[in-house]
Amino acid sequence: MTTEVITDEYVQEQLNEGLRCIGCGAIMQVLDPTKAGYLPMSALKKSIDSEELLCKRCFRLRHYNEIQPVELTDDDFSRLLHQISDARALIVYVIDVFDVTGSEIAGLPRFVGQDNPILVVANKVDLLPKLLNKNRLKNWLQAELKVQGIKPVDIFLTSATHPKNLDGLLDTIDAYREGRDVYVVGVTNVGKSTLINQIIKSGTGVQDLITTSRFPGTTLDRIEIPLADGKKLIDTPGIVKRDQITHVLADKDLKYALPKNEIKPRTYQLNAEQTIFIGGLARFDFESGEHTPITAYFENNLNLHRTKLAGADDFYNKHAGELLVPSPREAATTNLVKHVFNVTEKSDIVFAGLGWISIPAGVKVAGWAPQGVSVLIRKAMI
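The protein carries the name Ribosome biogenesis GTPase YqeH in an unreviewed UniProt entry, which gives Leuconostoc aquikimchii as its organism.

In structure tokens:
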């Protein structure tokens, strides 16, 4: 059908049948610009029969790197995940190895069905130091997943942006799929859609079909990709974790929390009562313990600044947003909240969505972060 004969009635018929945006999966609509899937009628007429039907949000994001907020609640995400529990499926659970704690989905087996096998894909392994032993990492992940109540059929380490083992991943998925549909799940920014784009490119040669970006919540509804045996590979929306640092960052500062290159560990020899500021976003206090080395794992361009614990509050108030950058987006979140830890084994103090600091046993430390951003302790990864 040519553009000249496309009528409003024809477009409405297509909308009634459930047109979806190829970029984010949202059902297309022409009525409400604030809701997912919106595209003006005039623009929809021009693109309705194209192979790249994009909503206005995806078009602006793909061509201008501009994000437009839409109204999508946590209940919407939960509803979409619950649909999986009624399906016979292989669950591909994508986690971010640079932010394992921040990429956990609490109660995942309950969402996706107790009988559906879970294959864990640990993405962004290229961000970790190359010297890290991969078997040790797998064992560490196994223990972390056990705490979540997850017994995966396997753990596969990969990098969606630099996939050297994509064929191995596809073979692994096929080995556990056994004729099932495949649902890909994960929180925002773990790289699900990037991973699926690599799978599509491998199978069809089509590049960047699904919209991806640094912005949380890029995929808004399920996106179905047909498989050779008639089953489907289904990308689901990223679950929004409200306790991650990305939710208090300005868009221009997301690069400090979402690294693209291998992290270079930074080691400091600390005495008691010393502080390290992590940009203007977080703070680490070494309150008491013997003189000891600590190692910080953050985006390489994020500035770390060491100072004395005495006077650290005044130092932050004076320099946040200037010497200490970036700082939280909202003025209300610039008062950092303190979390105290008495450390009994070698551990990581994790700032959700930002990075971590590895510390020895036998010390007392504190981690500070904006209101609502989690600071946690875990057994040391490295």
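Quick look at the pairing of strand β1 (residues 89-96) now. Counting buried positions over the eight residues of β1 gives eight, a clear majority of the element. One ladder, built from five bridges, connects β1 with strand β4 (residues 181-185); its direction is parallel. In the strand pairing of β4, Y93 is matched with V185. With six bridges joining them, β1 and strand β2 (residues 118-123) adopt parallel strand pairing. Across the sheet, residue V92 finds its bridge partner in β2, namely L119.

Turning to empty space enclosed by the protein, a few remarks are in order. Enumeration according to the criterion identifies one cavity of 30 Å³ or more in this entry. Each pocket or cavity is described by its volume, and for the largest cavity that value is around 80 Å³. Of the residues contributing to the lining of the largest cavity, the split by class is four nonpolar, five polar and three charged.

Take helix α9 (residues 312-319) next. Of all the positions in α9, only A312, F315, Y316 and H319 are classed as buried. Take α9 and look down its axis: the buried residues cluster within an arc of 95°, on one side only. Pointing more than 90 degrees away from the buried face of α9 are the exposed residues D314, N317 and K318. Looking at the packing, one finds that the buried side of α9 touches β8 (274-278), β9 (282-288), β11 (304-308) and β12 (336-343). Where α9 ends, the next residue or the one after it, G321, has phi of about 90°, a positive value.

Turning our attention to the sheet that holds β1. By way of backbone hydrogen bonds, the strands of a sheet pair with one another, either parallel or antiparallel. Strand order in the open sheet made by the six strands is β3-β2-β1-β4-β6-β5, with mixed pairing throughout. Looking at strand neighbours, the two that pair on one side only are β3 (154-157) and β5 (223-226), the edges of this open sheet. Across this sheet, the average inter-strand angle for adjacent strands is 20°, counted without regard to direction. Where β5 lies against strand β6 (residues 232-235), four bridges are found, and the strand directions are antiparallel. Looking across to β6, one finds that E224 is bridged to I234. Contacting β1, β2 and β3, helix α6 (residues 134-147) runs over the sheet at an angle of about 130° to β3. Against the sheet, helix α7 (residues 166-177) engages β1, β2, β3 and β4, with an angle of about 165° to β3.

With that settled, consider the pairing of β3. Looking at chain direction, β2 and β3 are connected through four bridges and run parallel. For A122, the partnering residue across the bridge sits in β3 and is L157.

Conventions we followed
- Residues numbered from 1 in each chain as written.
- Predicted model: local features only at pLDDT ≥ 70, side-chain atom pairs only at ≥ 80, totals over all residues.
- Heavy atoms only, no water.
- Buried < 20%, exposed > 50% of the residue type's maximum accessible area, 1.4 Å probe, protein only.
- Helix = DSSP H or I, 4+ residues; strand = E, 2+ residues; numbered from the N terminus.
- Pairing = 2+ DSSP bridges.
- 1 Å grid on protein atoms, 1.4 Å probe; cavity = no way out; pocket = protein on both sides within 12 Å on 5 of 7 lines; lining within 4 Å.
- Points joined across faces, edges and corners; volume = space filled by probe spheres on them.
- Nonpolar A, V, L, I, M, F, W, Y, C, P; charged D, E, K, R; others polar.
- Arc of directions from axis to C-beta.
- Contact = heavy atoms within 4.5 Å.
- Axes fitted to C-alpha atoms, helices over the stretch in contact; angles between N-to-C directions.

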